[in-house]
Amino acid sequence: MAFELPNLPYAHDALEPHIDARTMEIHHGKHHAGYTSKLNAAIEGTSMEGQSIEDICKNVGDNAAVRNNGGGYYNHCLFWEVMSPNGGGTPSGDLGDAINATFGSFDGFKDAFAKAAATRFGSGWAWLCVKDGGLEVCSTANQDNPLMSGVGCEGHPIL
Amino acid sequence: YKQHKDLNNTTMKFALFALFLGSANAWSANSGNSRRELLQQGAAFAAAVAAAPSIANGYAVPDLAYPFDGLEPSIDTPTMKIHHDKHHATYVGNLNKATEGKDEVPILDLMADALEAGPAIRNNGGGHYNHAFFWSEMAPPGEAEKTKPSAQLEELINKSFGSLDEMKAQFSARAAPGALFGSGWVWICVNQAGDELKLVGTPNQDNPLMKGVADEVMFPILGLDVWEHAYYLKYQNRRPEYVSAWFNVVNWDKVSENCAYVVENHAGVPF
């Protein structure tokens, strides 16, 4: 079963003015699409075919094509999902409580996240992860993610 | 070394000013001093000041040898403006902050131990060197097409790759997103022994002059920036198209000069 490029949950221009429509078109339709097809090519005929993308990331070895394109596939799937034209505001409930407990306040979390993003040199991602029942912020290089062993905070990304 | 001249002027002015102050103080505090003593004190003071680490940091973005639209259509005008005036300038600004209070050395001299010096120097020093190198090896297509490898360079190319076309093919393959994933540079370098050319890819703003980056320290004679900021406005995800177009603005005369220099001096091209 090959991985498929997921549809965006909203129109290309839905995230304007924060992210422009043209960027969304190219980012989704070219970059994410490229990771999807290259991932499928890299796992074809191997034991990874049929695994979930999370398992592929968790077991990523030194196969660069799987690491880069599997990571790229997972990362962008999450990315589109965590954004919305109706987004913004502040988290509440368990997440809100956990953020306050870990970072002092939502602003404190945003500062930590912004710092992780600003200090990642070159290509990469900044993350908010659940780790051992708590929250952690980290950054990773290229299309790596913290599901991969030895990478970042080794937690489970939620943002 | 425009920035070094300015620095020396600044230091000299400061030293002369200090000498003046020193003289004035000594005069008012103790007008019985002999003239010789006064001059000696002043001179010693000025020498001490001149020898102190520079206060102003003088790394600067070099001016381009062509206008911003000079490399069209291979590299578009807005990219040249932003790449030179923003990205390269940021590396230089950060480098100056990171080296504040330290003796200023030519940027080449920061390369060998860049990894040891830490991320601020590695990333911003590397960024400054790499971009100064990049601007200098390109020329408008009308000029570039009249250039060609020197006999020395051609011999090394044929020995190392078989032919110039083969070198370009391997270079292009090495620069493809699948081969150099994320941000980085692709280089043609002269090896340590000085008898062969090597094709090397490096991540982020590293370069093969830095100990610990390539198999051995090597001396770049040609380099290509494959960070997205180098090509995204015009080419978006189509990096191979950018690489192919970039060959049209490579100044092979300059690459040949680089080659002659690094072979003769067993050192990197200085900036």
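That block above? That's the structure.
Residues numbered from 1 in each chain as written. Chains lettered and ligands numbered in written order. Predicted model: local features only at pLDDT ≥ 70, side-chain atom pairs only at ≥ 80, totals over all residues. Heavy atoms only, no water.

As a further point, take the interface of chain A and chain B. Across the contact, eleven residues belong to chain A and twelve residues belong to chain B. At the boundary of chain A and chain B, one finds zero salt bridges. Linking chain A to chain B there are two residue pairs in polar contact (both at pLDDT 80 or more). Ranked by the residues each element gives to the side of chain A that touches chain B, the list is headed by helix H1 (residues 21-43) of chain A, at five residues. Per-class residue counts for the side of chain A that touches chain B are three nonpolar, six polar and two charged. (Contact = heavy atoms within 4.5 Å. Salt bridge = Lys/Arg side-chain N within 4 Å of Asp/Glu carboxyl O. Polar contact = N/O pair within 3.5 Å; in protein donor to acceptor, adjacent residues only side chain to side chain. Helix = DSSP H or I, 4+ residues; strand = E, 2+ residues; numbered from the N terminus. Nonpolar A, V, L, I, M, F, W, Y, C, P; charged D, E, K, R; others polar.)

All names here are of chain A. Judged by side-chain polarity, Val82, Leu95, Val130, Ile158 and Leu159 come together as a nonpolar surface patch covering roughly 320 Å² of accessible area. Within the secondary structure, Ile158 sits in the segment after strand E3 (156-157). Owing to a relative accessible area of 32%, Ile158 belongs among the partly exposed residues under this scheme. (Patch = residues over 30% accessible without salt bridge, like charges linked within 9 Å, V, L, I, M, F, W, Y side chains within 5 Å. Areas by Shrake-Rupley, 256 points an atom, 1.4 Å probe, with all protein chains shown as cover. Buried < 20%, exposed > 50% of the residue type's maximum accessible area, 1.4 Å probe, protein only.)

On to the sheet that holds strand E3 (residues 219-225) of chain B, then. All names here are of chain B. Taken in spatial order, the three strands line up as E2-E1-E3 in an open sheet, and their pairing is antiparallel. Two strands close off the open sheet at either side, each with one partner strand: strand E2 (197-203) and E3. With direction set aside, neighbouring strand axes in the sheet form an average angle of 25°. As defined by bridge partners, strand E1 (residues 184-190) adjoins E3 across six bridges and the pair is classed as antiparallel. Paired with Cys189 across the strands is Pro220, a residue of E3. Packing against the sheet, helix H8 (residues 164-175) makes contact with E1, E2 and E3, and its axis sits at approximately 150° to E1. (Pairing = 2+ DSSP bridges. Axes fitted to C-alpha atoms, helices over the stretch in contact; angles between N-to-C directions.)

What follows concerns helix H10 (residues 239-246) of chain B. Residues and elements named next belong to chain B. Buried within H10 we find Arg239, Tyr242, Val243, Ala245 and Trp246. Down the axis of H10, the buried side of the element spans an arc of 165°, and every buried residue falls inside it. If you follow the buried residues of H10, they end up packed against helix H5 (119-136), H8, E3 and helix H9 (232-235). (Arc of directions from axis to C-beta.)

Note on pairing: side chains with opposite charge can pair once their charged atoms come close. Counting across every chain of the model gives five salt bridges over all chains. When the shortest N-O distance is used, the salt bridge between Arg67(A) and Asp144(A) registers 2.8 Å. Of this pair, Arg67(A) sits in helix H3 (residues 64-81) while Asp144(A) is found in the loop between strand E2 (134-141) and E3, placing the two residues 77 residues apart along the sequence. Exposure remark for Asp144(A): the relative accessible area of 12% places this residue in the buried category. Lys211(B) serves as the salt-bridge partner of Asp113(B), at 2.6 Å between the closest nitrogen and oxygen. Placement of Asp113(B) in the loop between helix H3 (77-98) and helix H4 (114-117) and of Lys211(B) in the loop between E2 and E3 is noted, with a sequence separation of 98 residues between them. The exposure class assigned to Asp113(B) is partly exposed, which follows from its relative accessible area of 37%. For Lys211(B), a relative accessible area of 47% gives the class partly exposed.

Moving on, we get to H3(A). Taking 1.5 Å per residue, 18 residues should reach 26 Å; H3(A) reaches 26 Å between its end C-alpha atoms and fits that length. Where burial is concerned, most of H3(A) is hidden: 13 out of the 18 residues are buried. (Expected span 1.5 Å × (residues − 1).)

All names here are of chain B. In terms of burial, E1 is largely enclosed, as seven of its seven residues are buried. Residue alternation in E1 divides its side chains into two sets, Gly184, Val186, Ile188 and Val190 and Trp185, Trp187 and Cys189, and both sets are buried. Both E1 and E2 contribute to a ladder of seven bridges, which runs antiparallel. Across the sheet, Val186 pairs through a bridge with Gly201, a residue of E2. In this structure, the hairpin formed by E1 and E2 is closed by a connection of six residues, where Gly194 is found at a positive phi of approximately 75°.

Residue and element names in this part refer to chain A. Taken together, the three strands give an open sheet; going across it, the order is E2-E1-E3, and neighbouring strands pair in antiparallel fashion. The open sheet is flanked by E2 and E3, the only strands paired with a single partner. Packed on one face of the sheet, helix H4 (residues 93-103) meets strand E1 (124-131) and E2 and runs near 75° to E2.

Moving on: unusual backbone geometry. Here the residue pair Glu16(A) and Pro17(A) is connected by a cis peptide bond, since its omega of -5° sits within 30 degrees of zero. In this structure, Asn204(B) is a non-glycine residue whose phi angle is positive, near 50°. Looking at the element boundaries, Asn204(B) is found in the loop between E2 and E3. For Asn204(B), a relative accessible area of 21% translates into the label partly exposed. Here Gln236(B), not a glycine, exhibits a phi torsion of approximately 50°, which is positive. Residue placement: Gln236(B) occurs in the loop between H9 and H10.

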